[in-house]
Structure formats: structure tokens, C-alpha cells
Amino acid sequence: MTYTTQTSAQLFERAQQLMPGGVNSPVRAFRAVGGTPLFIDRGEGAYVIDVDGNRYIDYVLSWGPLILGHAHPAVVAAIAAQAARGASFGAPTALENELAELVIAAVPSVELVRFVSSGTEATMSAIRLARAYTQREKIIKFIGCYHGHADNFLVQAGSGVATLGLPDSPGVTAAATSNTLSAPFNDLAAVEALLKANPGQVAAIVVEPVAGNMGLVVPREQFLPGLRKLCDEHGALLVFDEVMTGFRVAYGGAQAHYGVLPDLTCLGKVVGGGLPAAAYGGRHAIMQLVAPAGPMYQAGTLSGNPLAMAAGIVALKALAEPGVYERLSGVTSTLCQGFWKAAFKAGLPFQAAKVGSMWGFFFAEDEVVDFDSAKRADTALFKRFFHGMLERGVYLAPSQFEAAFVSLAHSDEIIAETLQAAQAVFASLR
Ligand code: KE4
């Protein structure tokens, strides 16, 4: 039973008369790959079913949150039970304590945590806090990294900004970005040069420890430790934007996976179990500045709302079970290796990479190490591959500049089915 008898095409036509571009987030509009976006009726484990009744193996997973798979029974039950007790009170609840306990126990550098409702809120708050703590104004970000749509981050950003070719968004004032410095991902020398050119002025270096918004780009071995060292030498805070990597690449996030501890961590996606919740956190000395404990103001009507807390608690408890990340990483490795072998057999230029159950690929001859090399990938070939896979029932991110994900619901059979589709599509691209 679907909620509508209208097709995706009919719904999209109407949606464009109601909402800008017919969507509520740009990357969903299929602008980079062409065609009509799928209107999803429901999700079931590793699958989504569109309003036309087509079933797809889902590797978007709502851009990362659905690590347990869609409509996980325990998550659904927790949300339903809490909904019957009230969705939001604008007052503290025990649920917030419980999720905070789980986050603090899991993420090595976090001693105090503040919940917010989106990754954008988490990163914009973390930067405000870094500026308040250091009493400095400048930040360093990385070209192609995306930290949400707060003004000071919309400078050579990744994700939808890169997809739409919007290096700097209109409406973002020069004043809002005048304190934002950019360096190529994986380029420590460029970062050191920026720090030396702005002595005593850089409040924070903010980084996606595994870049997931220019496609997937892994940090070179010395990159993250090098950023930690530079921050210590120059008195800047290291901010890990783990909105995508948190509870995704490891239970303790990228900081646990790589053994590099930031001063502040931003979380989102998985932490809300599929509902709107995000967070930022760090050691007491810094977080105590956040109102009402301290003077740095940040607030939110639905921050820590009971529904999202209930979903996040169930998700994190399920992820804390032994063997979960080994399973997720193992099936993701099988997937990436299978893609690479099929592309190689078809004689196509292809790079694949994964960290935990976050993975990505480029149609490129050389390894992709930053946004410049990512942009050299063959996006026309990506577009053909995307549609070939969609026709065979596999739903990938509709943009070259996104990462892909795997859930615990992606069984060995589903991975094998995906690889069969990929082999056929790669062969058709020769
Ligand atoms: P949100 O405000 O969209 O919850 O989070 C922003 C954000 C912050 N940091 C990182 C590393 C992120 O990946 C994101 C959001 N990711 C995109 C996908 N690349 C969300 C999808 C979308 O924009 O629709």
C-alpha cells in the first residue's frame, strides 16, 4: 500500500510549484545526473520502494543516518512509544541524559555534549565556541569539505555546493567569509603557511577527518596527526566534523579509528537514529563556555527532543554490540573490491576507497587526494553508471561529490546482487 497513486514524475511536477527546485535539499533533485528524482514511499531494511512500486537497494541511506537499515523494528518501536508520551516538551528529559552518556562513553575526546537538530547547527556552534574560547576570529577549512550551510562555511564547499558548481553561494556576504581561510585537503604545508601568515589569529582548523562531500577522500597517513601538531603549535583548536564519520567509520568515530583526538567534535546523522538530532562536544574546559554554563550563546527549540533521543539511544546501543563494525567494514570491503575488479575488467579508469562502512568511487586514472583531483574525475561516466545501476535496482547517491554507505541490513546476498548489477553496467560503459 503506498500513500499516493501519483507517480514520481507527477509528484515532482507539482513539487516544483510548491518548493524551490521541488525538493527540500538541493542534492536530492538529481541535477547532477539528470532525470526525475525518485519519490520514496517507504524503506525496508536495505531497500527503498518508490511511489511507482520500484524497489532499490539503497546505498544513500538518507546520506548516512540509516546505519541499521530502514524502519528498524526496535527504532520504530522506540519512536512510537515515545510519541505516545509526547513528542517534545522544551524541557529536560531523562532521554537526553541517556543519549549523552552513550555519546560521551563512545567518543574519546568528548566530556560534555550539547544536542542540536542538524549538522549545520553543530558545526556553526562549534566554530562560535572555538572563537569564544580562543578569542580569535579566523578559521581554516578545506576545499571540497562541507560543514553545512552556515555562511562562514560556504567557501569552496563540497556536497551540494560542489554538485551545483556553486563555489560561493549568493547571499553570503564578504564579511561572513572574510575570516574563513581555505587549504587543499591533505596539504599540511598549505595549512602551516596559513597559520604562519595569520599568527595568533586562527581560532580553529575544521576538517572532515574522512572527506565525504567531494566523493570519498581518505586522509593521508600523516594528515590528521599533522593537523593536531599544528594546532598545538599555533594555539588553534582542532575541530573534527564527524557529522558523517561519527558512529559510521567506527563506534568512536574517525578520532577512534585514526587515534587523533580533536578539541571539539561535531556529530549528526547516525546519532539521531534517522531523526533530526546532532551534537557538538569536547573537554569540560571548552564546553563550560556554552550557555547557560558560560557566556557563549546557542539554543534550539527542538534540541534534544525526546523522539530523536529515543531513536538515537536505540541506534547507538545496537551499534555497541560486539562485531557490528567488523561486519559493516567487511561487507563494504567486498563491495568496493567487487566494484574495482568489474571496472578494471571493463578497462575503465576507476578509483574506489572505503573507511568502515563509508565508501566511494571515482571514474579517474589517478588516486583522488583532494578536491582538484576529485574534479578531474569523469562525471559524465558517473552519470551513465548511476542511471545504469538505478535501472538495475541499485540506488546510489545522485552526485559524484557524495559518499556512499552500507547498513547492517545489507546482507551478503544483497551485496552479491549489487555486484552483479555493477558488472553488467561497467561492461556496458566500455
Ligand atoms: P545537516 O545540516 O545537513 O544535518 O549536516 C550538514 C553536514 C555537516 N557536516 C558534514 C560532514 C556533512 O556531510 C553534512 C551534511 N551532509 C550532506 C550530504 N553530503 C547532507 C545531504 C544534504 O545536504 O541533503
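Residues numbered from 1 in each chain as written. Predicted model: local features only at pLDDT ≥ 70, side-chain atom pairs only at ≥ 80, totals over all residues. Heavy atoms only, no water.

## Focus on the overall build of the protein
Selection rule: Note on conventions: DSSP H or I runs of at least 4 residues are helices, E runs of at least 2 residues are strands, and numbering of each starts at the N terminus. Radius of gyration: over C-alpha atoms. The globule rule applied is 2.2 Å multiplied by the number of residues raised to the 0.38 power. Only protein chains enter the calculation, and the probe is 1.4 Å; a residue is then buried if its accessible area is under 20% of its type maximum, exposed if over 50%, and partly exposed in between. Contacts are assigned to residue pairs with any non-hydrogen atoms lying within 4.5 Å of each other. Per-residue and other accessible areas were derived by the Shrake-Rupley procedure at a 1.4 Å probe size, with only the shown protein chains allowed to occlude residues.
For the protein, the count of helices and strands is 15 helices and 14 strands. Computed over the C-alpha atoms, the radius of gyration of the protein is 21 Å, within 12% of the 22 Å expected from 2.2 N^0.38 for a compact globule of 430 residues. With respect to the three principal axes, the spread of C-alpha positions in the protein is 55 × 55 × 45 Å. Counting over 430 residues, the protein shows a buried share of 57%. Within the protein, contacts between residues at least 6 apart in sequence are counted, and of these 72% link residues at least 24 apart. In the structure as shown, the protein presents an accessible area of about 17500 Å², 54% of it carried by carbon and sulfur atoms.

## Examining the environment of Gly-226
With respect to the helices and strands, Gly-226 occurs in helix 8 (residues 223-234). Taking relative accessible area as the criterion, Gly-226 reaches 14% and is therefore assigned buried. Spatially, the C-alpha atom of Gly-226 lies 21 Å from that of Ser-373, the residues being 147 residues apart in sequence.

## A few points about empty space enclosed by the protein
Over the atoms, a rolling probe the size of a water molecule traces out where space has been left empty. To keep it simple, the criterion reads: Here a cavity means grid points, on a 1 Å grid over the protein atoms only, where a 1.4 Å probe fits yet cannot get out; a pocket means an open set of points with protein on both sides within 12 Å along at least five of seven lines; lining residues are those with an atom within 4 Å of a point. Grid points are joined across faces, edges and corners, and a volume is the space filled by probe spheres set on the points.
This model, assessed by the stated rule, comprises one cavity of 30 Å³ or more. Each pocket or cavity is described by its volume, and for the largest cavity that value is around 70 Å³. Around the largest cavity, the lining residues are Gly-360, Phe-361, Phe-382, Leu-396, Ala-397, Ser-399, Gln-400, Glu-402, Ala-403 and Ala-404.

## A short note on helix 7 (residues 188-197)
So the rule is basically this: In this description, the arc belongs to the directions extending from the helix axis to the C-beta atoms. Pairs of N or O atoms are called polar contacts if they sit within 3.5 Å, as long as, within protein, a hydrogen donor faces a hydrogen acceptor (for residues adjacent in sequence, only side-chain-to-side-chain pairs).
Among all positions of helix 7, only Val-191, Leu-194 and Leu-195 are buried. Buried residues of helix 7, seen end-on, are gathered within an arc of 100° and therefore sit on one face of the element. Opposite the packed face of helix 7, turned more than 90 degrees from it, sit the exposed residues Ala-189, Lys-196 and Ala-197. Those residues of helix 7 that are buried are in contact with strand 5 (138-143), strand 6 (180-184), strand 7 (202-207) and helix 8. By the N-cap criterion, in which a side-chain oxygen at the helix start approaches the backbone nitrogen of a residue two or three places on, helix 7 is capped by Asp-187, the distance to Ala-189 being 3.2 Å.

## Let's talk about the site of the ligand
Selection criterion: We call a residue near a given molecule or strand whenever any one of its heavy atoms falls within 4 Å of it. Gly is put with the polar residues, along with every residue not named as nonpolar or charged; the nonpolar set is Ala, Val, Leu, Ile, Met, Phe, Trp, Tyr, Cys and Pro, and the charged set is Asp, Glu, Lys and Arg. The domain boundaries here were taken from an automatic or database domain assignment.
Ser-25, Thr-120, Asn-213, Asp-241 and Glu-402 are the nearest of the 17 residues found near the ligand. With respect to the ligand, the side chain of Thr-120 contributes an N or O atom lying 2.7 Å from an oxygen atom. Within the complex, 87% of the 530 Å² of free accessible area of the ligand lies under protein. When the residues that make up the shell around the ligand are grouped by side-chain class, the tally is five nonpolar, eight polar and four charged. Composition of the shell around the ligand by domain shows at least three residues from each of domain 1 (6-71 + 322-428) and domain 2 (73-319).

## Quick look at helix 15 (residues 412-429)
The cut-off we apply is this: For a helix, the expected span equals 1.5 Å multiplied by the number of residues minus one.
In a regular helix each residue adds 1.5 Å, so 18 residues correspond to 26 Å; helix 15 covers 26 Å between its end C-alpha atoms and thus fits that length. Among all positions of helix 15, only Ile-414, Ile-415, Thr-418, Leu-419, Ala-421, Ala-422, Val-425, Phe-426 and Leu-429 are buried. Buried residues of helix 15, viewed axially, fall in a sector of 165°; they line one side. Exposed side chains of helix 15 directed beyond 90 degrees from the buried face belong to Glu-413 and Gln-420. Summarising the contacts, the buried residues of helix 15 are in contact with strand 2 (47-50), strand 3 (55-58), helix 12 (324-345), helix 14 (379-391) and strand 13 (394-395).

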